[in-house]
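Chain and residue survey
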Amino acid sequence: MTNADWKAAAERDLMSLGPRPRLFERGEGSHVWDDEGRRYLDFLGGIAVNCLGHAHPVFVEAVSRQAATLAHVSNYFTSRPQLELAARLKRLAGTGETGRVFLANSGSEANETALKLARLHGAPRGAHTILCLEGAFHGRTTGALSITPKAAYQDPFAPLMPGAKAIARTIDALEAAFAQGGVAAVVIEPIQGEAGVRELPAGFLARARELATEHDALLILDEVQTGAGRTGEWFAFQLPGMLPEGALPDAVTFAKSVAAGFPLGGLITFGAASELFYPGTHNSTFGGNPLAAHAADAVLAHIEEEGLLANVAARGAQLREAVAELPLVAGTRGAGLLIGIALSAPVASDVVAAALERGLIVNAPAPDTIRLAPAYTIGDAEIDEFLTLFRDALAAVAAHRTQEIPA
Ligand SMILES: *Cc1c(COP(=O)(O)O)cnc(C)c1O
């Protein structure tokens, strides 16, 4: 297929959901190559998914071997990869004995499961309100969309799920919402990824834990983007300052990086929340099939064995420090290798385009923010290459802006 052909084919045959400026053909480590053989440094990682980069031998071997052994059997049965993954996730999340795991196929499906968990918890006492925060992104399926309070995403699909309620990201608003009563659950991203890598106000999560307990509501954390090691801890709620020592959420959802590119998501429950689902109330045909489960288990085992979380924390700090010196950069947000770069002007989409032209993949979750979510395996070479390309892209956008300012 020639360059013109694939563009026409994409326009004609794929659902019209946004521009697709490149066609990528292969990847290796932190690089991908397009149809013209041009090489790109991938610092978006398929939106915080490719945590081992591209074509990592552990991923390739796990998927190939499991595909040749047993790919799918349905959830009428179980498989060793499913059991091994569930046990590992419980251990990494620190659930203790009483935790349980549900395996699904995506972040949205994981959050749908969390919403049903909230219903099971609240319905018996008539508590139907599910709180979410302004700026939240929980997915595009109708339930998850109902707790994703963004007009452009929600309005074409109204009416959405009843009971969803968006509140401001302040402790005052949280307290006021609980005081109204009828809250079944509060769903929170420990760091809001799609909103532009935005951290919660200090003490917010700890207060949410207290209020949820006081009002017999569930504290559900959406760690689809922050989980599986992305922040330098297995889950962001384990970062210092998130929850008081020993406190835990009632449920955590995960997806994105957990299987390094194989589609898998899910829900981990803690304590009493583990006993809410019962036979017949939920399931998923593909969810946690041996192929997906083994991919995730092998990826997580590799991260553990290689101590990659230490690299995530160290490289994240190194990147944040280096980026702060660059033109147009006003500051950085996030943790580990989920980094939001605040720009001094709303030119993030120009920066993304300039970067792509230079062979660097990043994205713009907000008009003034660039997001980085590179592989956990990056080292000095990738960071040096990133800084060279990114500095050049920023300088080009800055120069263009100077020209535009009338004398
Ligand atoms: C990406 C994301 C989702 C949706 O996940 P999908 O796999 O696209 O369905 C939900 N919540 C958060 C925090 C996300 O970043």
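1. Some details on the site of the ligand
- Near the ligand, the surroundings consist of Ser106, Gly107, Ser108, Asn111, Phe137, His138, Gly139, Glu189, Asp222, Val224, Gln225 and Lys256.
- Taking Lys256, its side chain carries an N or O atom lying 2.6 Å from an oxygen atom of the ligand.
- Look at the ligand: alone it shows 380 Å² of surface, and the protein chains cover 81% of it.
- Looking at the shell around the ligand, the element that brings in the most residues is helix α5 (residues 107–122), giving three residues.
- Tallied by class, residues from the shell around the ligand come to two nonpolar, seven polar and three charged.

2. A closer look at the pattern of salt bridges
- This structure, assessed with the given rule, holds 16 salt bridges.
- Between Glu194 and Arg371 there is a salt bridge, with the nearest N and O atoms lying 2.6 Å from each other. One end of the pair, Glu194, is in the loop between β8 (191–192) and β9 (198–199); the other, Arg371, is in strand β17 (residues 369–372), with 177 residues separating them in the sequence.
- Residue Glu194 is classed as partly exposed on the basis of its relative accessible area, which comes to 23%.
- Using a relative accessible area of 1% as the deciding quantity, one classes Arg371 as buried.
- When salt bridges with common partners are traced through the structure, they connect Arg88, Arg91, Asp297 and Glu304 into a single cluster.

3. Considerations on the pairing of strand β10 (residues 218–222)
- Burial within β10 is extensive, with five of its five residues counted as buried.
- Side chains of β10 alternate between two faces, with Leu218, Ile220 and Asp222 and Leu219 and Leu221 buried alike.
- Sheet topology note: the β10/strand β11 (residues 251–254) ladder contains three bridges and is parallel. Directly across from Ile220, in β11, lies its bridge partner Ala251.

4. Notes on the side chain of Asn111
- Secondary-structure assignment places Asn111 in helix α5.
- Once residues lying within four places of it in the same chain are set aside, the contact partners of Asn111 are His138, Ala144, Asp222, Val224 and Thr253.

5. Quick notes on the environment of Lys116
- For Lys116, the position within the fold is in helix α5.
- Along the backbone, Lys116 and Leu218 are 102 residues apart, and their C-alpha atoms lie at a distance of 12 Å.
- Apart from residues no more than four positions distant in its own chain, Lys116 is found in contact with Phe277, Thr281 and His282.

6. Notes on the pairing of β11
- Residues Ala251 and Thr253 line one face of β11 and the alternating positions Val252 and Phe254 line the opposite face, and both faces are buried.
- Where β11 and strand β12 (residues 265–269) come together, four bridges link them in antiparallel fashion. Following the sheet pairing, Ala251 is matched in β12 by Thr269.

7. A short note on the packing of helix α8 (residues 171–179) against helix α9 (residues 204–214)
- For the pair α8 and α9, the least separation of the axes is 10 Å and the interaxial angle reads 10°. Between α8 and α9, the angle is such that the two are roughly parallel. Contact residues: α8 offers Ile171, Leu174, Glu175 and Phe178, while α9 offers Phe204, Arg207, Ala208, Leu211 and Ala212.
- Tallied by class, the residues present in the contact of α8 with α9 amount to seven nonpolar, no polar and two charged.

8. Quick look at the nonpolar core
- Membership of the largest hydrophobic core comes to 90 residues, with the highest contact counts inside it found for Ile188, Ile303 and Phe386.
- Viewed by domain, this core spans two of them, domain 1 (3–55 + 307–404) and domain 2 (59–305), each represented by three or more residues.
- Filtering out sequence-adjacent residues up to four positions away, Ile303 remains in contact with Cys51, Leu52, Ala228, Trp234, Leu308, Leu309 and Tyr376.
- Ala114, Ala118, Ile147 and Ile220 belong to the second largest nonpolar core, which has 17 residues in total.

9. Considering the sheet that holds strand β3 (residues 39–42)
- Strand order in this open sheet of four strands is β1-β2-β3-β15, and the pairing throughout is mixed. Strand pairing shows two members of the sheet lacking a second neighbour, β1 (24–28) and β15 (360–361), which therefore form its edges.
- Pairing geometry for strand β2 (residues 31–34) and β3, over three bridges, is antiparallel. Following the sheet pairing, Val32 is matched in β3 by Tyr40.

10. Describing the sheet that holds strand β16 (residues 363–366)
- Read across the open sheet, the four strands follow the order β13-β14-β17-β16; overall the sheet is antiparallel. Edge positions in the sheet fall to β13 (329–335) and β16, since each has one partner strand and no second. The average undirected angle you get between the axes of adjacent strands in this sheet is 30°.
- Relative to β17, strand β14 (residues 338–343) runs antiparallel, the two sharing four bridges. Residue pairing across strands places Ala342 opposite Thr369, the latter belonging to β17.
- This element, helix α11 (residues 308–323), spans β13 and β14 of the sheet and lies at about 170° to β13.

11. With respect to the domain arrangement of the protein
- As far as domains go, the protein holds domain 1 (3–55 + 307–404) and domain 2 (59–305).
- Its C-alpha centre places domain 1 at a distance of 26 Å from the equivalent point of domain 2.
- Counting residues at the interface gives 28 residues for domain 1 and 29 residues for domain 2.
- Looking at the side of domain 1 facing domain 2, the largest losses of area belong to Leu309, Leu338 and Tyr376, adding up to 25% of the total buried there.
- Along the contact surface separating domain 1 from domain 2 lie one salt bridge.
- Run the count over domain 1 and domain 2 and you get 16 residue pairs in polar contact (both at pLDDT 80 or more).
- Of all elements in the fold, only α2 (45–48), α11, β13, β14, β16 and β17 reach the threshold of two or more residues within the side of domain 1 that touches domain 2.

What counts as what
- Residues numbered from 1 in each chain as written.
- Predicted model: local features only at pLDDT ≥ 70, side-chain atom pairs only at ≥ 80, totals over all residues.
- Heavy atoms only, no water.
- Near = heavy atom within 4 Å.
- Polar contact = N/O pair within 3.5 Å; in protein donor to acceptor, adjacent residues only side chain to side chain.
- Areas by Shrake-Rupley, 256 points an atom, 1.4 Å probe, with all protein chains shown as cover.
- Helix = DSSP H or I, 4+ residues; strand = E, 2+ residues; numbered from the N terminus.
- Nonpolar A, V, L, I, M, F, W, Y, C, P; charged D, E, K, R; others polar.
- Salt bridge = Lys/Arg side-chain N within 4 Å of Asp/Glu carboxyl O.
- Buried < 20%, exposed > 50% of the residue type's maximum accessible area, 1.4 Å probe, protein only.
- Pairing = 2+ DSSP bridges.
- Contact = heavy atoms within 4.5 Å.
- Axes fitted to C-alpha atoms, helices over the stretch in contact; angles between N-to-C directions.
- Parallel < 35°, antiparallel > 145°, perpendicular 65-115°, else oblique.
- Core = buried A, V, L, I, M, F, W, Y, C linked by side-chain atoms within 4.5 Å.
- Domains from an automatic or database assignment.
- Buried area = accessible area lost by both parts, 1.4 Å probe.

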